[in-house]
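The primary structure of each chain is shown beneath.
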Amino acid sequence: MSNKLLLGTRKGLLILNKNGADWAVESEHFEGVPVSHAMRDHRTGVIWACLDHGHWGTKLHRSSDEGATWEEIEAPKYPEGATRPPDDKDPATTSYIWLIQPGGDDEPNRLYVGTEPGGLFVSDDGGDTFQLMETLWNQPSRDNWFGGGRDHPGVCSIIVDPRDSRHVTIGISVGGVYETVDGGETWTVRNKGLYADYLPNPYAEFGHDPHFIKASPSNPDVLWQQNHCGVFRSTDRGQNWTNISQEGGPVYFGFPITVDEKDENVAWVAPAISAEYRIPVDRALCICRTEDGGKTWKDLRVGLPQTNAYDIVFRHGMDIDADTLVFGTTAGNVYVSDDRGDSWRCVTQNLAVVYSTRFI
Amino acid sequence: MAHIKFTPNLKRFFPDLTEIEVDAKTVSEVVTAVDNRWRGLADYIVDEKGALRKHVNIFVGDELIHDKTELSDAVSANTKIYIMQALSGG
């Protein structure tokens, strides 16, 4: 059971501590600086923070003592000559760090970093240095990658198969899903079944927008995806995707998706009205849960504001630990449920925009 | 020698940052020189291609540099160089 939460916000990194049913801010780090993503590497205990200084560029920091001290690591850099997709007119530089993820348990020095404009970086020295995964970057289909909410494509999802560390699935927003089974030597596009209403051919092979992808911990062949154009699920590790959006209900557009640790049929999403609006459906904050692999969805609203709410949840803004769920919102509110989403309580409010929440 | 002054905002990341004199013929050489003194400082001023970050300004004397890509603006002896934070965002 986790007793701490890492919150990456528009104005710094917060560590919340659980005391009974309450969660309180224990410490603040990088005051005033946007923290796009933060996580603790379960293999080493190191906390990582991705920073996005408005003036001074993107940075990576790590702490081996629960945030008491931080060390700045040289942020990933695109190599000389790299140009930005899709038109390759401008130099590629690290304009945003979307997330940092640990490698497999059998490769304790490996870390992955997903960046804008679409580069996946890898470290094999515990994060001291990062190199661009050129095999992915040089995919011929990268001329179908482009910006969505941000100006340029970004690697926003990185999934390492717990059974085989050489099997990695990533999501590029906007670009689609790519899979390697040989540690990154080769990549295969995995967009079959996805739908993109902003493309001339909505079922095109490339150019899809997986906002966030999660694998089921209990069966890593089962992948879940909150896409720009619906919610999708795959039972064959991405070879085929099935649209599981809700007919006549709110489950369609959104950013995060969270999966039950024990049941591959259970997941949660945070719906919003689609691209042009990006506000909660009917201005009512709602989390939706499926318990049957996406055949049906249930609205979970108890304890959440049902009028005049403009909070939405960003793609790394929801997490789960056993029966406890958390999400942080664009309006700086953090909600926790200890009963799998049936009821919620606001544990802190009036923060800056929340980019990421992680139990640690 | 060119005389380099920094926005005090950079002292947050480089607490011992002070004015410094460097021997440099271009602004690019200035950035290299200050990075040699404070390792990692260049990453705060320019991106990985050496272009000036969007929200950073460098002045040679009273004049903004013209070449923000290569930082080729000439620096002469006794020039004052100011590395400043741009007033972006209001």
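These numbers come from a predicted model, not from an experiment. (Residues numbered from 1 in each chain as written. Chains lettered and ligands numbered in written order. Predicted model: local features only at pLDDT ≥ 70, side-chain atom pairs only at ≥ 80, totals over all residues.)

## Some points on the overall build of chain B
Along its length, chain B carries two helices and five strands. Here the C-alpha atoms of chain B give a radius of gyration of 12 Å, agreeing with the 12 Å that 2.2 N^0.38 yields for 90 residues. Across the 90 residues of chain B, 30% fall into the buried class. For chain B, the proportion of contacts with a sequence separation of at least 24, taken over those separated by at least 6, is 48%. (Helix = DSSP H or I, 4+ residues; strand = E, 2+ residues; numbered from the N terminus. Rg over C-alpha atoms; globule rule 2.2 N^0.38 Å. Buried ≥ 20, exposed ≤ 12 C-beta atoms within 10 Å, placed from the backbone. Contact = placed C-beta atoms within 7 Å.)

## Quick notes on the interface of chain B and chain A
Contact with chain B, which involves 12 residues of that partner, is made by 10 residues of chain A. Of the residues in the side of chain B that touches chain A, the class split is three nonpolar, four polar and five charged. (Nonpolar A, V, L, I, M, F, W, Y, C, P; charged D, E, K, R; others polar.)

## Details of the sheet that holds strand E28 (residues 354-359) of chain A
Strands pair in a sheet through their backbones, by hydrogen bonds, and they do so in one of two ways: parallel or antiparallel. Residues and elements named next belong to chain A. The antiparallel open sheet is built from four strands, whose spatial order is E3-E2-E1-E28. With one partner strand each, in any of the chains shown, strand E3 (22-29) and E28 form the two edges of the open sheet. Direction aside, the axes of adjacent strands within the sheet are offset by 25 degrees on average. With six bridges joining them, strand E1 (residues 4-9) and strand E2 (residues 12-19) adopt antiparallel strand pairing. Along E2, the bridge assignment pairs Leu5 with Leu16. (Pairing = 2+ DSSP bridges. Axes fitted to C-alpha atoms, helices over the stretch in contact; angles between N-to-C directions.)

## Some words on unusual backbone geometry
All names here are of chain A. For the bond from Pro85 to Pro86, the omega torsion is 5 degrees, close enough to zero to count as cis. Within the secondary structure, Pro86 is located in the loop between strand E7 (71-73) and strand E8 (96-102). In this chain, Ser173 is followed by Val174 through a cis amide linkage whose omega measures 15 degrees. Relative to the helices and strands, Val174 is located in the loop between strand E13 (168-173) and strand E14 (176-180). One non-glycine residue, Ala322, lies in positive phi territory at about 55 degrees. Structurally, Ala322 can be placed in the loop between strand E24 (318-321) and strand E25 (324-328). Using a count of 13 C-beta atoms within 10 Å as the deciding quantity, one classes Ala322 as partly exposed.

## Brief notes about the pairing of strand E4 (residues 35-40) of chain A
Residue and element names in this part refer to chain A. Extensive coverage of E4 is indicated by the burial of six of its six residues. Pairing analysis gives five bridges linking E4 to strand E5 (residues 47-53), with the strands arranged antiparallel. From the neighbouring strand, Arg40 faces E5, where its bridge partner is Ile47.

## Quick word on the environment of Ile4 of chain B
All names here are of chain B. By the element assignment, Ile4 lies in strand E1 (residues 2-6). Separated by 56 residues in sequence, Ile4 and Val60 place their C-alpha atoms 9.5 Å apart. Not counting chain neighbours up to four residues away, the residues in contact with Ile4 comprise Glu19, Ile20, Val22, Val30, Val34, Ile81 and Ile83.

## Here we look at the nonpolar core
By size, the foremost hydrophobic cluster in this structure holds 98 residues, and its most contacted members are Val35, Ala38, Ala49 and Cys50 of chain A. Beyond its immediate chain neighbours, meaning those up to four positions away, Ala38 of chain A contacts Leu6, Gly8, Leu13, Ile47, Trp48, Ala49, Cys50, Ser356 and Arg358 of chain A. Membership of the second largest hydrophobic core comes to 23 residues, among which are Val27, Val31, Val34 and Ile58 of chain B. (Core = buried A, V, L, I, M, F, W, Y, C linked by C-beta atoms within 7 Å.)

## Topic: the sheet that holds strand E6 (residues 57-63) of chain A
Residues and elements named next belong to chain A. Spatially, four strands are ordered E4-E5-E6-E7 in an open sheet, and the strand pairing comes out antiparallel. At either end of the open sheet lies a strand with only one pairing partner, and these are E4 and E7. Each strand of the sheet is rotated relative to its neighbour by a mean of 25 degrees, with strand direction disregarded.

## Quick notes on the environment of Thr169 of chain A
All names here are of chain A. Within the secondary structure, Thr169 sits in strand E13. The spatial distance from the C-alpha of Thr169 to the C-alpha of Glu179 is 4.4 Å, given a sequence separation of 10 residues. Residues within four places of Thr169 in sequence aside, it is in contact with Ile159, Val177, Glu179, Ile213, Leu223, Arg237 and Gly238.

## Observations regarding the confidence of the model for chain B
A residue-level look at chain B finds 97% of positions with pLDDT of 70 or above and a mean pLDDT of 93. Reported for the predicted complex are a pTM of 0.94 and an ipTM of 0.84. (pLDDT = per-residue confidence, 0-100.)

## A short note on the environment of His61 of chain A
All names here are of chain A. Inspection of the secondary structure puts His61 in strand E6. Residue class for His61 comes out buried when judged on the 21 C-beta atoms lying within 10 Å of it. Separated by 262 residues in the primary sequence, His61 and Asp323 place their C-alpha atoms 31 Å from one another. In this structure, His61 is in contact with Ala49, Leu51, Trp70, Glu71, Glu72 and Ile73, ignoring residues within four places of it in sequence.

## Some thoughts on the pairing of strand E16 (residues 210-216) of chain A
Residue and element names in this part refer to chain A. Judged by how many residues are buried, E16 sits mostly within the fold: seven of seven residues are covered. The pairing of E16 with strand E17 (residues 219-227) spans six bridges and is classified as antiparallel. Each bridged residue has a counterpart across the sheet, and for Phe212 the counterpart in E17 is Gln226. If you look at the hairpin formed by E16 and E17, you'll find two residues sitting between the two strands.

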